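In case you want the letters, here they are:
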Amino acid sequence: MLAIWIIRIILIVVLTPIVGGLLAGFDRIISARVQGRKGPPLLQPFYDVLKLIKKENIEVNKTYKFYVYASLFFIILTAVIMLMGGDMLLAIFVLTLGAIFFAFGGYASQSPYSIIGAERELLQMMAYEPMVLITAAGLYMVSKSFFISDMISQAVPAIVYLPAVFVGFVYILTFKLRKSPFDLSLGHHAHQELVQGISTEYSGRELAIIEITHWYESIIALAFVYVFFATSNPISHVFAVLACLVVYFFEILVDNSTVRVKWQLALKSAWIVTGVVSVVNLMIVSFFKF
Amino acid sequence: MNYNTKSPWILHYDGSSCNGCDIEVLACLTPLYDVERFGVINTGNPRHADILLITGGVNDQNIPVVKQIYEQMAEPKVVVAVGICATSGGIFADCYNMVGGVENVLPVDVYVPGCAARPQAIIDGVVKALAVLDEKQNAMKK
């Protein structure tokens, strides 16, 4: 029993970034096709990371590198908790801890650009955290358990009871996947005026770690989508994976058809969407069903 | 195997250029040439960049800027001088404030002549720079 658990954990730790990297590769190809280009090869994100690992490591100061590794550790922990079917609330709090360590890294590297990036990262967390917690609360109301293994073994998928909460979650998914219009803290492609936000002072191996952390994060974000669709019926898991892919494709389209907004609009719109959809949906669920 | 050749990230610096070569550098990123096919990303951050593309000659005012950008880049790194102004100073070589080409300030690895340098020539220059980058990576290992 213990051996099976350990094997599962090792598989999650190894396979999650591989799938995340492939998703990032698909993302870049589809983005290029949307813009009328051919785009890079599918394995391009892996080439980037392998290149960065071998590059010189420039030290800005003694502490700022630690935070990236701390962030990666907590994000891996989140991935393990979520994909093992563990407690969703615990996963959300550990995920937040990982994001906070990443913002610390921005502050610790002392560059004006990275400090602006870190402040924007905190603003983003202010914008999306309420909706993440309300998602967990809504899933709890439907399944009467915070454990993901219980949530995905219900007879009826959670999306039936929580369509508005799902819409709200997809809205804040744009923050989590660092996609336009809400890529305020860390732009991926040629965002010159930000000079890459938090990652400004990171080079070489630490930049590769940031990239790998992001692969884990995208899979964690899609795991939330998965929970909305999966039921005790095995076929529903196929639909859940398809739903994840559709949502990811939708986010790519949004990424390519919008420009970055000011932080005021990002924060306000996220809170308005959160407030409206969560209150209405949770009221209806609590009034009619339970 | 070195993956430098598969994902060269470019930092583009406009010296005292007339903007002719700059728009050709940016034209490489457009759908017609699409250098992202080869993994090229135009980054704005010297810490992330592998290749420094400089257009235009170097004058007294931007010598410290060019040097600082070069020093901020992580090894291995290469410099590509794009356009005749960057290679030798071009028609501005005799101006009182010009020091001539980039070679007077930084060790240039690849020269791309032309006024303005055509996108094909710039891509060719970057590909030649990749071979130099590979050599430098191998030298770093030893």
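This one's a predicted model, so the numbers in the text were calculated from it and none came from an experiment. Per chain, the residues get numbers from 1 upward, laid out in the order the sequence is written. The order in which chains are written sets their letters, starting at A; the order in which ligands are written sets their numbers, starting at 1. Residue-level local features of this predicted model are given only where pLDDT is at least 70; pairs of side-chain atoms are given and counted only at 80 or more, and the full residue set underlies all totals for whole chains, interfaces and linings. For the side-chain quantities, the full set of heavy atoms in the structure was used; hydrogens and water were omitted.

## A closer look at the environment of Thr174(A)
Residue and element names in this part refer to chain A. By the element assignment, Thr 174 lies in helix H8 (residues 163-176). Partly exposed describes any residue whose relative accessible area lies between the buried limit of under 20% and the exposed limit of over 50%, with all areas from a 1.4 Å probe on protein chains only and scaled to the type maximum. What makes Thr 174 buried here is its relative accessible area of 5%. Distance in space between the C-alpha atoms of Thr 174 and Met 84 is 25 Å, their sequence separation being 90 residues. Residue contacts are defined here by distance: any two heavy atoms, one from each residue, within 4.5 Å place the two residues in contact. Sequence-distant contacts of Thr 174, defined by excluding residues within four places in its chain, comprise Lys 179, Ser 180, Pro 181, Phe 182 and Glu 251. The numbering of helices and of strands both runs from the N terminus, where a helix is a DSSP run of H or I of at least 4 residues and a strand a run of E of at least 2.

## Regarding the packing of aromatic side chains
Residues and elements named next belong to chain A. The pairing test for Phe, Tyr and Trp rings, Trp by its six-membered ring, is centres within 6.5 Å, and the orientation test on the planes gives stacked under 30 degrees, edge-to-face over 60, and tilted for anything in between. Applying the stated criterion across every chain, the model contains 18 aromatic pairs over all chains. Pairing Phe 74 with Phe 101 gives two aromatic rings, centres 5.4 Å apart and planes at 10°, and the pair type is stacked. A residue pair is termed long-range when its members are at least 10 positions apart, and Phe 74 in helix H3 (residues 64-83) and Phe 101 in helix H4 (residues 88-108) qualify at 27 residues. Judged on exposure class, the residue Phe 74 and its partner Phe 101 are both buried. On the numbers, 5.2 Å between centres and 40° between planes, the contact of Phe 169 with Phe 224 is tilted.

## Some remarks on the UniProt feature "transmembrane region" (unreviewed entry) in chain A
Residue and element names in this part refer to chain A. UniProt positions are given in the numbering used here, feature names are shortened, and annotations may be inferred rather than shown by experiment. Taken from the UniProt record, the annotation "transmembrane region" (unreviewed entry) applies to residues 6-26, 66-84, 90-109, 130-149, 155-175, 207-229, 235-254 and 266-288. For residues 235-254, the end-to-end C-alpha separation is 29 Å, with 100% helix and 0% strand making up the annotated structure. A distance of 33 Å separates the end C-alpha atoms of residues 266-288, which is 100% helix and 0% strand.

## So, the pairing of strand S3 (residues 51-55) of chain B
All names here are of chain B. Extensive coverage of S3 is indicated by the burial of 5 of its 5 residues. Because side chains alternate across S3, one face comprises the buried residues Ile 51, Leu 53 and Thr 55, and the other comprises Leu 52 and Ile 54, equally buried. Summarising the sheet, strand S1 (residues 9-14) and S3 pair through 5 bridges and their orientation is parallel. Bridged to Asp 14 within S3 is Thr 55. Two strands form a pair only when DSSP identifies at least two bridges running between them. By the bridge criterion, 5 bridges tie S3 to strand S5 (residues 78-82) in an arrangement that is parallel. Bridging from a neighbouring strand, Leu 52 pairs with Val 79 of S5.

## Points about unusual backbone geometry
The omega torsion across Glu75(B) and Pro76(B) is -10°, close enough to zero to call that bond cis. Locating Pro76(B) in the fold gives a position in the loop between helix H2 (63-72) and S5. Note that the residue after Cys115(B), namely Ala116(B), is joined by a cis bond; omega there is -10°. Its location among the elements puts Ala116(B) in the loop between strand S7 (110-112) and helix H4 (119-141). For Arg178(A), which is not a glycine, the phi torsion comes out positive at approximately 55°. Considering the arrangement of structural elements, one finds Arg178(A) in the loop between H8 and helix H9 (205-229). Among the residues examined, Arg178(A) registers a relative accessible area of 13% and is labelled buried. One non-glycine residue, Asp34(B), lies in the positive phi region at around 45°. Looking at where Asp34(B) falls in the secondary structure, it is placed in the loop between helix H1 (20-27) and strand S2 (41-43). Owing to a relative accessible area of 3%, Asp34(B) belongs among the buried residues under this scheme.

## Examining the nonpolar core
The biggest cluster of nonpolar side chains holds 78 residues, and the ones touching the most others in it are Met82(A), Met88(A), Leu139(A), Leu162(A), Phe175(A) and Phe224(A). A total of 16 residues in this core trace back to one element, the largest contributor, which is H9(A). Setting aside chain neighbours within four positions, we find Met88(A) in contact with Met82(A), Ala136(A), Leu139(A), Phe146(A), Ile148(A), Met151(A), Phe224(A) and Val227(A). Take the buried residues of types Ala, Val, Leu, Ile, Met, Phe, Trp, Tyr and Cys, join any two whose side-chain atoms come within 4.5 Å, and each joined set is a nonpolar core. Of all hydrophobic cores here, the second largest spans 22 residues; its members include Val25(B), Val35(B), Val80(B) and Leu130(B).

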